[in-house]
Amino acid sequence: MSMAPNNTRSNTVTAVKPNKWSSAVKIFHWGSVLLLIVVWGMITLHKGSSAGDTYLDLHRAFGVSLLFWMIARVISRIVSPTPASVPMPKWQTAVSHLTHLLLYVLLFAMPLSGILMTWYGGRSIDMFGLFQLPSILATDRGQARFFNNLHTDVIWPTLLVFTALHILGALQHQFIKKDNIMSRIK
Ligand code: HEM
Ligand code: HEM
């Protein structure tokens, strides 16, 4: 027979980890960045224009889209292989992992608080004129105000701070440490 001889060492060999994220993780990462920019762009246009609720409606619809995108992203992240970790001091690994985890949490908290403020305000969410997401909550001005404050004064500034930290970290790796970290997510 031409079968390879039974090699006892092969039982102890573990699979080699890839050094890049899977294509799905990459697409979800950059897709989230793009959606986030669009969501922010719509609220900025809304605040600077007198076009009624057009941009605010788009802000809500793209925000809800980001929530669905994030659900798919987490599923894809769970089923994708994790690449070998980047060599760096333990505390830096801890800070980067905590930042990533927090960014995931914030990218859920942002649209959820938006949905809650809208529904507590007694309004439906218009999804690009295609269909509505009607409120499933009893109208409550106090709760609407609470989630509005959470959305705009707490979660949003926190997201900005950790996104800045994340980008600074990536730039530090790319241009100071020169370990080509971008190739993992490009
Ligand atoms: C110019 C902007 C950005 C750059 C250059 C960048 C770069 C990167 C890089 C290089 C990684 C991979 C790190 C590794 O392999 O360990 C990564 C992962 C990640 N990025 Fe970004 N990123 C950017 C924007 C954002 C934004 C805006 C968010 C969310 C608000 C974000 C959320 C994440 C998360 C959650 C991960 C972790 C992936 C995981 O472990 O599942 N990134 N990013
Ligand atoms: C990741 C998703 C989201 C992000 C990053 C985001 C971000 C923001 C930002 C930056 C503001 C402006 C804060 C300010 O006044 O300076 C805002 C306002 C607002 N957002 Fe969102 N949002 C998201 C999702 C949603 C969703 C899903 C809804 C509703 C379904 C929503 C409803 C609103 C409303 C109604 C306002 C106006 C609040 C006011 O003027 O008092 N947002 N959002």
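Along every chain, residues carry numbers that run from 1 in the direction the sequence is written. Here the convention is simple: chains get letters from A, ligands get numbers from 1, in the order in which they are written. With the structure being a predicted model, the display of local features is reserved for residues of pLDDT at least 70 and the display and counting of side-chain atom pairs for 80 or more, all residues being used for whole-chain, interface and lining totals. In computing side-chain values, all of the structure's heavy atoms are included and hydrogens and water are not.

S.K.: Can you help me understand the coordination of the iron atom of ligand 1 in this one?
M.R.: Metal coordination angles have textbook ideals: 109.5 degrees for a tetrahedral set of four donors and 90 or 180 degrees for an octahedral set of six. Only N, O and S atoms count as donors, using a 2.8 Å limit from the metal and a wider 3.2 Å limit for Na, K and Ca, and since water is excluded some coordination spheres may look unfilled. Coordination of the iron atom of ligand 1 by the protein comes from His29 (NE2) and His166 (NE2), over a distance range of 2.0 Å. One can describe the site at the iron atom of ligand 1 as octahedral: its six donor atoms subtend angles covering 88 to 179 degrees at the metal. With a gap of 137 residues between them, His29 in helix α1 (residues 23-47) and His166 in helix α4 (residues 141-177) connect regions that are remote in the sequence. Residue exposure (1.4 Å probe, protein chains only): buried if accessible area is under 20% of the type maximum, exposed if over 50%, otherwise partly exposed. His29 gets classed as buried once you look at its relative accessible area, which sits at 14%. When four donors show all angles between 85 and 135 degrees the site is tetrahedral, when four or six donors have opposite pairs over 155 degrees and all other angles between 65 and 115 it is square planar or octahedral respectively, and in every other case it is irregular. The helix count covers DSSP runs of H or I at least four residues long, the strand count covers runs of E at least two residues long, and both are numbered beginning at the N terminus.

S.K.: Any chance you could explain the site of ligand 1 here in plain terms?
M.R.: Note on terminology: near, applied to a residue and a molecule or strand, indicates that one of the residue's heavy atoms is within 4 Å of it. Near ligand 1 lie 19 residues; those nearest to it are His29, Arg77, Tyr104, His166 and Arg184. Going through the elements one at a time, α1, α2 (54-79), α3 (90-120) and α4 are the ones with two or more residues in the shell around ligand 1.

S.K.: Sorry, what's going on with the packing of α2 against α3 here?
M.R.: To describe two helices that pack against each other, one gives the angle between their axes and the distance between the axes. Where α2 contacts α3, the axes come no closer than 9 Å and their chain directions differ by 145 degrees. Here the hand of the crossing between α2 and α3 comes out left-handed. Contact with α2, carried on its side by Arg60, Gly63, Val64, Leu66, Leu67, Met70, Ile71, Arg73, Val74 and Arg77, involves Tyr104, Leu107, Phe108, Pro111, Leu112, Ile115 and Thr118 of α3 and no other residues of that element. When the residues that make up the contact of α2 with α3 are grouped by side-chain class, the tally is 12 nonpolar, two polar and three charged. Each axis is a line fitted through C-alpha atoms, taken for helices only over the stretch in contact, and angles between the N-to-C directions span 0 to 180 degrees. Crossings are classed by handedness, with left-handed meaning an anticlockwise turn of the near helix from the far one by less than a right angle and right-handed meaning a clockwise turn. Contacts: residue pairs with any heavy atoms within 4.5 Å of one another. Each residue is assigned to one class: nonpolar for Ala, Val, Leu, Ile, Met, Phe, Trp, Tyr, Cys and Pro, charged for Asp, Glu, Lys and Arg, and polar for all the others, Gly among them.

S.K.: Whenever I open this one, the coordination of the iron atom of ligand 2 confuses me. Can you help?
M.R.: The protein atoms donating to the iron atom of ligand 2 are His59 (NE2) and His151 (NE2), with metal-donor distances spanning 2.0 Å. Here the iron atom of ligand 2 binds six donor atoms, and the angle range of 86 to 180 degrees at the metal identifies the geometry as octahedral. Residue His59 is found in helix α2, and its partner His151 is found in helix α4; the two are separated by 92 residues along the sequence.

S.K.: Explanation requested: the pattern of salt bridges in the structure shown.
M.R.: Any two side chains of opposite charge can pair, given that their charged atoms come close. The working definition used for a salt bridge is a side-chain nitrogen of Lys or Arg within 4 Å of a carboxyl oxygen of Asp or Glu. Scanning all chains against the criterion turns up one salt bridge. A salt bridge links Arg60 to Asp57; the shortest N-O distance between them is 3.1 Å. With Arg60 and Asp57 both in helix α2 and three residues apart, this pair spans about one turn of that helix. Taking relative accessible area as the criterion, Asp57 reaches 26% and is therefore assigned partly exposed.

S.K.: For this particular structure, what's the right way to read the site of ligand 2?
M.R.: Not every one of the 21 residues close to ligand 2 is listed here, only the nearest: Lys47, His59, Leu66, Asn148 and His151. We define a polar contact as two N or O atoms separated by no more than 3.5 Å, with the added condition that, inside protein, one atom must be a possible hydrogen donor and the other a possible acceptor, whereas residues neighbouring each other in sequence contribute only through side-chain atom pairs. A distance of 2.8 Å separates a nitrogen atom of ligand 2 from a polar atom in the side chain of His59. Contact between ligand 2 and Asn148: an oxygen atom at 3.1 Å from a side-chain N or O atom of the residue. Listing elements by their share of the shell around ligand 2, those giving two or more residues are α1, α2, α3 and α4.

S.K.: Before we go on, may I ask you to explain unusual backbone geometry in this structure?
M.R.: Most peptide bonds take the trans configuration, and most residues that are not glycine carry a negative phi. Even without being a glycine, Phe128 presents a positive backbone phi close to 55 degrees. Structurally, the position occupied by Phe128 is in the loop between β1 (125-127) and β2 (131-133). Judged by its relative accessible area of 37%, Phe128 is partly exposed. With phi around 55 degrees, Asn180 is a residue other than glycine that occupies positive phi space. Assignment of secondary structure puts Asn180 in the segment after α4. Under the relative-accessibility criterion, Asn180 is labelled partly exposed at 40%.

What is shown is where atoms sit, not what they do.
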